[in-house]
Amino acid sequence: MRELQIGDSVRNLRELVDLIAKGDERLGAALSEKSVQTIINERVSTGEAISDSDEIAFLPPVSGG
Amino acid sequence: MIRISPSSFDPGKELSAFEQNVGDAGAIVSFLGRVRADERKAGVTALYLEHYPGVTERMLGALETEARGRWAIDEPLIIHRVGDMTPGEPIVFVCVSARHRRDAFEAADFLMDYLKTKALFWKKEITSDGERWIEPRKQDYKDAARWDERDKDN
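All figures in this text were calculated on a predicted structure; none of them were measured in a lab.

A.B. asks: I tried to follow the pairing of strand β3 (residues 56-59) of chain A on my own but got confused; where do I start?
C.D. replies: Remark: a regular strand shows side chains that alternate across the two faces of the sheet. All names here are of chain A. Of the two faces of β3, only one is covered, namely that formed by Ala57 and Leu59; the face formed by Ile56 and Phe58 stays uncovered. Bridge count for strand β1 (residues 37-40) against β3 is four bridges, and the pairing is antiparallel. Directly across from glutamine 37, in β3, lies its bridge partner leucine 59.

Next comes the structure, spelled out in structure tokens:
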């Protein structure tokens with residue numbers, strides 16, 4: 001587990017992934033995969049904007065059925 | 001109706017119960033997905049499925065609404081297992097009723113494509129060689145893309 005300080009400059013998911021990638025390039029690349037779904041506040045994200053206190057989940061490729 | 005269950009179910013009984021409640025629908029299509037013991041690899045001894053409680057259910061509810069907007073169908077039944085399963089056990093069961101068969105066939109196909117590629121479930125195979133998380137096949141994504149292509153055509 002690693003903590004990350006997110007400043008005011010991070011306003012969207014792309015910037016968040018870029019920030020994560022700075023600390024861990026492999027993780028940043030993995031989170032950029034098309035098959036990774038993003039959930040913001042327990043809803044599938046329809047936009048990129050994020051704000052303070054949002055809960056963001058990056059989900060690995062799904063496989064139901 | 002959507003049911004995500006850690007317990008096994010009897011597809012025959014579920015189909016029979018579904019049939020009792022479809023009114024005057026002229027067609028019922030059902031699909032049953034079962035755990036396969038894949039012979040191409042080390043035999044699958046078990047399967048483990050996870051979901052995202054609350055969020056998965058909400059997404060499936062939206063899926064059901066979408067299917068009913070696309071086709072003239074009644075409320076479908078979607079049962080999806082989570083937890084530990086063994087080869088031969090049912091994983092997923094979809095039932096769709098409609099006045100006409102084409103709507104029922106297509107809606108069931110659509111629901112399954114979505115369940116394979118977009119619904120929030122994660123599947124792990126346990127084999128004699130170890131464990132691995134499963135991802136959809138390229139064909140699964142192709143199948144799901146058919147519905148988007150159809151939207152563009154219309």
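Additional details are given in the paragraphs that follow.
A.B. asks: Sorry if this is basic, but what is going on with the pattern of salt bridges here?
C.D. replies: For side chains of opposite charge, pairing can occur when their charged atoms come near one another. All names here are of chain B. Scanning the model with the defined rule gives twelve salt bridges over all chains in all. For glutamate 106, the salt bridge is made with arginine 150, and the minimal N-O distance between the two is 2.8 Å. With glutamate 106 in helix α3 (residues 101-117) and arginine 150 in helix α4 (residues 138-153), this residue pair connects regions lying 44 residues apart in the sequence. A relative accessible area of 31% places arginine 150 in the partly exposed class. Glutamate 125 serves as the salt-bridge partner of arginine 132, at 3.4 Å between the closest nitrogen and oxygen. Three or more residues joined by partner-sharing salt bridges are found here, namely Asp109, Asp113 and Arg146.

A.B. asks: For this particular structure, what's the right way to read the packing of aromatic side chains?
C.D. replies: In this description, a pair of aromatic rings is defined by centroid distance and the angle of the planes. Residues and elements named next belong to chain B. Within the structure shown, the criterion is met by four aromatic pairs over all chains. Ring geometry for tryptophan 71 and tryptophan 147: centres 5.4 Å apart, planes at 90 degrees, overall edge-to-face. A residue pair is termed long-range when its members are at least 10 positions apart, and tryptophan 71 in the loop between α2 (55-70) and β4 (77-81) and tryptophan 147 in helix α4 qualify at 76 residues. Across the pair, exposure class does not vary: tryptophan 71 and tryptophan 147 are buried alike. A connected cluster of aromatic rings, assembled from ring pairs, spans Trp71, Phe110 and Trp147.

Calculation criteria
- Residues numbered from 1 in each chain as written.
- Chains lettered and ligands numbered in written order.
- Predicted model: local features only at pLDDT ≥ 70, side-chain atom pairs only at ≥ 80, totals over all residues.
- Heavy atoms only, no water.
- Buried < 20%, exposed > 50% of the residue type's maximum accessible area, 1.4 Å probe, protein only.
- Helix = DSSP H or I, 4+ residues; strand = E, 2+ residues; numbered from the N terminus.
- Pairing = 2+ DSSP bridges.
- Salt bridge = Lys/Arg side-chain N within 4 Å of Asp/Glu carboxyl O.
- Phe/Tyr/Trp six-rings, centres within 6.5 Å; stacked < 30°, edge-to-face > 60°.

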